[in-house]
Amino acid sequence: MKGDLNRSRRNLTSGFAYLLCLLSTAIALIPLGLILVYVIVQGAPALNLDFLTQLPKPVGETGGGMGNAIVGSLMLIGIAAAIGLPIGVLAGTYLAEFRSPRLSWTVRLLADILSGVPSIIIGVFVYTLLVLTMKRFSALAGGVALAVLMLPTVARTTEEMLRMVPDTLREASLALGISRWRTIVSIVIKTAGGGIMTGIMLALARIAGETAPLLFTALNSRTWPTGLDKPVASLPVQIYTYAIAPYADWHQQAWAGSLVLVLMVLLLSVGSKLYFGRKMRSVR
Amino acid sequence: MTRQSFHEGLKQLNYEILRMASLVVEAVDLSTQALLTGDRKLANSVIAGDDDINELSLWIEGQCLALQARQQPVAKDLRLLHVCLLVSLHLERIGDLAVNVAKIAKRMERTEGAEPYLELLRKMSAQALEVLRQGIKAFADRDAEVANKLEEIDEPIDEMFKEILGRLLHPSEEDQEVASSEWATHVALASRYIERIADQVVDMGGRVAFLVTGELDGKYFDRPLAPDIKNQFGE
Amino acid sequence: MAGCITTKNLSATFGDIRAIEGISIEITANKVTALIGPSGCGKSTFLRCINRMHELVPGARTSGEIIWDGRDIYAPEVDATEVRRGIGMVFQRPNPFPLMSIADNVSAGLRLAGMRKNKAGIDEAVERSLKLAALWDEVKNKLDKPGGSLSGGQQQRLCIARALAVEPDIILMDEPCSALDPASTQKIEDTMDQLKDNYTIVIVTHNMQQAARVSDFTGFLLTRETGEPGRLIEYGPTSKIFTMPDHKETENYITGRFG
C-alpha cells in the first residue's frame with residue numbers, strides 16, 4: 001500500500017514537472033511566433049519586386065524600394081566576413097589546438113569580454129578608429145565594426161567545434177606521419193567543418209541585423225553603393241530611419257524591410273543548421 | 001567458474017592424485033606379496049581394487065579436461081594440469097600391471113628349485129615399491145631432485161630382471177627342469193611386469209621434473225624437432 | 001634489421017608522475033611481441049614512446065634511448081613525423097576519418113604525409129593495403145562509401161590498412177580488439193599472423209589469452225606499488241612466459257593470483 005502511494009505521488013510529481021517544462025517552452029516560443037506572424041502580416045503587402053530592386057523614392061512619392069539597402073547589407077556582411085572569418089577561425093584554431101594554458105586563458109577571457117561589449121560601443125570604437133582618421137563614413141568602417149562584432153563568436157564557436165573533434169582522430173592522423181599543421185587543416189578542421197560553418201552562419205545572421213554600430217560607421221545612403229570608402233545603406237539602418245519617420249508609406253516600407261531581414265536571418269540560420277547539422281551528425 | 005573455485009579445483013585434483021597413488025602403492029605391495037606367498041585371496045583383493053583406481057583415473061582425466069577448457073590455465077596451473085593427466089595415466093598403468101602380477105600370483109604353482117628366483121623377485125618387488133614411493137614423494141613435494149634420482153634407483157631392478165631372464169634362457173644343470181616348466185613363464189612375466197612398474201614410475205618422474213623446472217628431459221620444453229629423427233630408420 | 005627496436009633504460013613521465021621506468025627490451029623483427037600487465041602498468045605509455053606519440057600529451061617527457069634502424073629516435077635531429085611514418089599505430093577504438101571514404105581513409109597517409117604518388121600509385125596502394133588487412137573482399141565494391149559505414153571490426157581492419165598504406169616497418173597495436181566482438185577479434189588476430197612475415201608487430205593487450213595466441217614474445221609490465229612507475233618484470237618467448245615464467249610476479253598475474 002505504501003509503495004502504491006509512493007508511486008502515485010512520484011507519477012504526480014513527474015507529470016507536473018513535465019507540464020511545467022512544456023509550458024515554459026511554449027512561453028519561450030510565443031514571442032518568436034508572434035514576431036514572425038506580425039512581420040509577415042504587416043510586411044507582406046508592401047513586398048514586391050520593386051521593393052527589392054528600386055531605390056527609395058523621395059518623401060511624398062509613393063513606390064520605390066530598399067534595393068540599395070539590401071545590396072548594402074550584403075556588402076557589409078561580405079566585408080565583415082572577409083575580415084572577421086579568417087581571423088576568427090584562426091584564433092579559434094589557436095585556442096583549440098595550441099594549448100599554451102596561460103595565453104589561451106587570457107585570449108578566451110578577452111574574447112568573452114569582447115562578445116559582451118554592447119554593439120554601440122563597438123560602433124563608437126570603429127568610428128574613432130576609422131571614420132575620424134579617414135574623415136568620412138564608409139562601407140569599410142561598417143564592415144570592420146561588424147567584423148569586430150562577429151569575431152568572438154566565430155573564434156569561440158570554432159574553438160568549441162574543434163574541441164568536439166575526438167583526440168583519437170588527431171592521434172590517428174599524427175600516427176600516420178602526417179604533420180601537425182596538415183592534421184589540423186585536413187583532418188581536424190575538415191571534420192569540424194560543418195559545425196564551424198553553422199557557427200559562422202549564425203554569427204553572420206546575427207550581424208546582419210545589427211543597427212547600432214552602423215549608425216556611426218556606414219551611416220546611410222539613398223543611392224546604390226559606389227565604393228568601399230563611401231557611406232552605404234543597410235537594411236537595419238534603413239528600417240530604423242523609415243520606422244521613426246512620420247509617414248505611413250515609409251512605415252509600410254519599414255515592415256517590408258523587416259520581413260526581408262527576418263527572412264535573410266532565418267535562411268542563414270535554419271538553412272545552415274539543416275545542411276551542416278546533418279553533415280556533423282555523420283562525424284559522430 | 002571463478003578463479004577462486006579454479007584454485008579449489010586444482011587442490012582437489014592434487015588430493016585425488018595422491019589418493020590414487022596410495023591405492024596404487026597398496027596394489028603393488030599386495031600383488032607382489034601375493035606373488036611371493038601364493039595368497040590367492042590377497043591377489044583377488046588387488047584385482048577387485050583396480051576398479052577404484054580406474055574410476056579415480058577417469059575422474060582425474062575429466063577434471064583436467066574441464067579445467068583446461070574453462071579456465072585457460074597458464075604457468076604453474078598449466079603445468080600442473082598437464083602433469084596430473086600424465087601422472088594419473090602412469091598410475092593407472094601401474095595399477096594394471098599390479099593386477100597382472102596378481103593374476104600370475106593366482107596361477108603360479110609352487111615348484112622345486114624356485115627359491116633363487118623368488119628371492120630375486122622379492123628383492124625386485126621391494127626395490128620397485130621403493131621407486132614408486134619415491135616417485136610419489138617427488139610429485140607430492142614437487143621435488144625435481146628426487147624425481148631425477150628415480151632412474152638411478154631403478155637400475156638394480158633392470159639388472160635383476162636381466163638376471164632372471166638370463167637364468168631362465170640359459171639355465172645351469174640344476175635349473176634345467178625349473179626353466180622349462182610353465183612356472184618359468186609365470187616368473188618371466190611377473191618379473192617383466194615388476195620391471196615395467198618401475199619404468200612407469202621413472203617416466204612419471206620425468207613429468208614431475210617438468211612440473212618443477214619446465215624442462216623436458218633436461219631441456220627447454222618448447223624446442224625444435226631434431227632434424228635427424230626421420231633418418232634413423234634408414235630413409 | 002629495419003623492424004628491430006631496442007630500448008635502453010627507457011623512462012617516461014607525465015609531469016611529476018612517473019609512468020614507466022628503466023625499460024630495456026629488444027623487440028625482434030618480423031615477430032609479434034605482446035605486452036601484458038594490469039591496468040595502469042604503463043604498457044600503453046611504453047608503446048606510445050616507441051613512435052613518439054607520448055610527447056604529444058602536455059607535460060609528457062621521456063628519457064633513455066630507443067634505437068630503431070641503428071639510430072636513437074629521440075636524438076635531436078630526428079623528426080617525430082618521420083618516425084611515426086616508419087612506426088605505425090592502431091588504436092584501441094577504431095578511428096577512421098569520418099568524412100573520408102574507405103579508399104580515402106586508406107590513402108590518407110600517402111596523400112597528407114607528403115608522399116607524392118599519382119592516382120594509379122595510390123589506387124594500387126589502397127588495394128594492396130586492404131588486401132593485407134584482409135578487408136579487400138568485403139569493401140572492394142564500396143570503396144567510395146564512408147569509412148564510418150563499416151562494422152566495428154571492419155573499421156579496425158580499415159585502420160590497420162590505413163597504417164599499412166604508408167609502408168611502415170613496425171606496427172604498434174594498442175589493445176586493438178578490446179572494443180570488438182570475438183569474431184572480429186579472430187579476424188584481426190589472423191591478420192596479425194599474416195602481417196608478421198613483412199612487419200614487426202608490437203601489441204598491448206589486456207587479454208592474456210590473446211597474447212598467448214598471437215605473440216612470439218611476451219613482456220610483462222607491472223607497477224609494484226601505487227605511485228611507483230611501471231617496470232618490465234619479465235620478457236621472453238611467449239610459450240615460456242605462459243608455461244614456466246621465471247618471476248613469481250609474472251606467474252601470479254597470468255594465473256590470476258593477483259593482489
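Residues numbered from 1 in each chain as written. Chains lettered and ligands numbered in written order. Predicted model: local features only at pLDDT ≥ 70, side-chain atom pairs only at ≥ 80, totals over all residues.

**Some details on the overall build of chain B**
Now for step 1: The number of helices and strands found in chain B is seven helices and two strands.
Now for step 2: When its helices and strands are written in sequence order, chain B yields α-α-α-α-α-α-α-β-β.
Now for step 3: Counting only C-alpha atoms, chain B reaches 65 × 50 × 30 Å along its principal axes.
Now for step 4: Out of the 235 residues in chain B, the part that is buried amounts to 40%. (Helix = DSSP H or I, 4+ residues; strand = E, 2+ residues; numbered from the N terminus. Buried ≥ 20, exposed ≤ 12 C-beta atoms within 10 Å, placed from the backbone.)

**A closer look at the overall build of chain A**
Now for step 1: When its secondary structure is counted, chain A shows eleven helices and zero strands.
Now for step 2: The N-to-C order of helical and strand elements in chain A reads α-α-α-α-α-α-α-α-α-α-α.
Now for step 3: Here the C-alpha atoms of chain A give a radius of gyration of 24 Å, more than 25% beyond the 19 Å that 2.2 N^0.38 yields for 284 residues.
Now for step 4: On the principal axes, the C-alpha backbone points of chain A span a range of 75 × 65 × 30 Å.
Now for step 5: Among the 284 residues that make up chain A, the fraction classed as buried is 41%.
Now for step 6: Restricting the contact set of chain A to residue pairs at least 6 apart, pairs at least 24 apart contribute 76%. (Rg over C-alpha atoms; globule rule 2.2 N^0.38 Å. Contact = placed C-beta atoms within 7 Å.)

**Topic: the environment of V24 of chain B**
Residue and element names in this part refer to chain B.
Now for step 1: Summarising the element assignment, V24 is placed in helix 1 (residues 3-37).
Now for step 2: Judged by local crowding, V24 falls into the buried class, with 30 C-beta atoms found within 10 Å.
Now for step 3: As a C-alpha pair, V24 and L132 span 108 residues in sequence and 9.0 Å in three-dimensional space.

**Some remarks on the arrangement of the chains**
Now for step 1: When the two pairs of chains in contact are ranked by number of contacts, first place goes to chains A and C.
Now for step 2: Spatially, chain A is disjoint from chain B: no contact exists, and the shortest C-alpha separation is 33 Å.

**Focus on the interface of chain A and chain C**
Now for step 1: Contacts between the two partners involve 18 residues from chain A and, on the opposite side, 25 residues from chain C.
Now for step 2: At the level of secondary structure, the elements contributing two or more residues to the side of chain A that touches chain C comprise helix 7 (167-175) and helix 8 (180-208) of chain A.

**Details of the domain arrangement of chain A**
Now for step 1: Taken domain by domain, chain A consists of domain 1 (2-46) and domain 2 (70-232 + 272-281).
Now for step 2: Computed over C-alpha atoms, the centres of domain 1 of chain A and domain 2 of chain A are 34 Å apart. (Domains from an automatic or database assignment.)

**Let's talk about the interface of chain C and chain B**
Frequently, the measure chosen for interface size is the accessible area that the parts lose on association.
Now for step 1: Residue-level contacts link 14 residues of chain C with eleven residues of chain B.
Now for step 2: Elements supplying a minimum of two residues to the side of chain C that touches chain B: helix 8 (208-214), helix 9 (238-243) and helix 10 (248-254) of chain C.
Now for step 3: Among the elements that take part in the side of chain C that touches chain B, helix 9 of chain C stands out by supplying four residues, more than any other.

**Considering the nonpolar core**
Now for step 1: Ranked by size, the top nonpolar core spans 221 residues in total, and within it V101 and I197 of chain B carry the most contacts.
Now for step 2: With near-sequence residues (within four places) excluded, I197 of chain B lies in contact with V28, I94, L97, A128 and L132 of chain B. (Core = buried A, V, L, I, M, F, W, Y, C linked by C-beta atoms within 7 Å.)

**Thoughts on the pairing of strand 10 (residues 230-237) of chain C**
Residues and elements named next belong to chain C.
Now for step 1: As judged from the seven bridges shared by strand 9 (residues 217-223) and strand 10, these two strands associate in the antiparallel manner. Opposite L221, over in strand 10, you have L232 as the bridge partner.
Now for step 2: Counting the residues that bridge the hairpin from strand 9 to strand 10 gives six residues, and of these G227 lies at a positive phi of roughly 90 degrees. (Pairing = 2+ DSSP bridges.)

**Comments concerning the pairing of strand 8 (residues 200-204) of chain C**
Residue and element names in this part refer to chain C.
Now for step 1: Counting buried residues along strand 8, five of its five residues qualify, which places the element largely inside the surrounding structure.
Now for step 2: Two elements, strand 7 (residues 170-174) and strand 8, share five bridges in a ladder whose sense is parallel. Across the sheet, residue L172 finds its bridge partner in strand 8, namely V202.
Now for step 3: In the classification by handedness, the crossover that spans strand 7, the intervening helix 7 (residues 182-195) and the parallel strand 8 is right-handed. (Right-handed = clockwise from strand over helix to strand, strands pointing away.)

**With respect to the packing of helix 3 (residues 102-112) of chain C against helix 6 (residues 152-165) of chain C**
All names here are of chain C.
Now for step 1: With their axes 7 Å apart at the nearest point, helix 3 and helix 6 run at an angle of 35 degrees to one another. Seen from above, helix 3 lies across helix 6 with right-handed handedness. Of helix 6, the residues touching helix 3 (which contributes I102, N105, V106, S107, A108, G109 and L110) are L158, A161, R162 and A165.
Now for step 2: Looking at the contact of helix 3 with helix 6 residue by residue, the class counts come to seven nonpolar, three polar and one charged. (Axes fitted to C-alpha atoms, helices over the stretch in contact; angles between N-to-C directions. Left-handed = near helix turned anticlockwise from the far one by under 90°. Nonpolar A, V, L, I, M, F, W, Y, C, P; charged D, E, K, R; others polar.)

**Digging into the environment of D246 of chain C**
Residue and element names in this part refer to chain C.
Now for step 1: Take D246: it is sitting in the loop between helix 9 and helix 10.
Now for step 2: The exposure class of D246 is partly exposed, given the 14 C-beta atoms found within 10 Å.
Now for step 3: When the C-alpha positions of D246 and P94 are compared, they lie 36 Å apart, and in sequence the two are 152 residues distant.

**Quick look at the packing of helix 2 (residues 40-71) of chain B against helix 3 (residues 75-107) of chain B**
All names here are of chain B.
Now for step 1: Where helix 2 meets helix 3, the closest approach of the two axes is 9 Å, and the angle between their N-to-C directions is 165 degrees. By the angle class used here, helix 2 and helix 3 are roughly antiparallel. Considering how the two elements wind past one another, helix 2 and helix 3 form a crossing that is left-handed.
Now for step 2: Considering only residue class, the contact of helix 2 with helix 3 consists of 15 nonpolar, five polar and six charged. (Parallel < 35°, antiparallel > 145°, perpendicular 65-115°, else oblique.)

**What to know about helix 6 of chain C**
Residue and element names in this part refer to chain C.
Now for step 1: With 14 residues, helix 6 ought to run about 20 Å at 1.5 Å a step, and its terminal C-alpha atoms sit 20 Å apart, in line with that.
Now for step 2: Taking burial as the measure, the 14 residues of helix 6 include 13 buried ones, the bulk of the element.
Now for step 3: Just beyond helix 6, the residue with positive phi is E167, at close to 55 degrees. (Expected span 1.5 Å × (residues − 1).)

**Considerations on unusual backbone geometry**
Now for step 1: One non-glycine residue, A75 of chain B, adopts positive backbone phi at about 50 degrees.
Now for step 2: Along the chain, the position of A75 of chain B falls in helix 3.
Now for step 3: We note that E175 of chain C has phi near 45 degrees; this positive angle belongs to a residue other than glycine.
Now for step 4: Its location among the elements puts E175 of chain C in the loop between strand 7 and helix 7.

**Comments concerning the confidence of the model for chain B**
Residues and elements named next belong to chain B.
Now for step 1: When pLDDT is averaged across chain B, the result is 92; 97% of the residues are at 70 or more.
Now for step 2: Per-element averaging of pLDDT across chain B places helix 6 (residues 176-179) at the bottom with 75 and helix 3 at the top with 96.
Now for step 3: Predicted complex, confidence summary: ipTM 0.91, pTM 0.81. (pLDDT = per-residue confidence, 0-100.)

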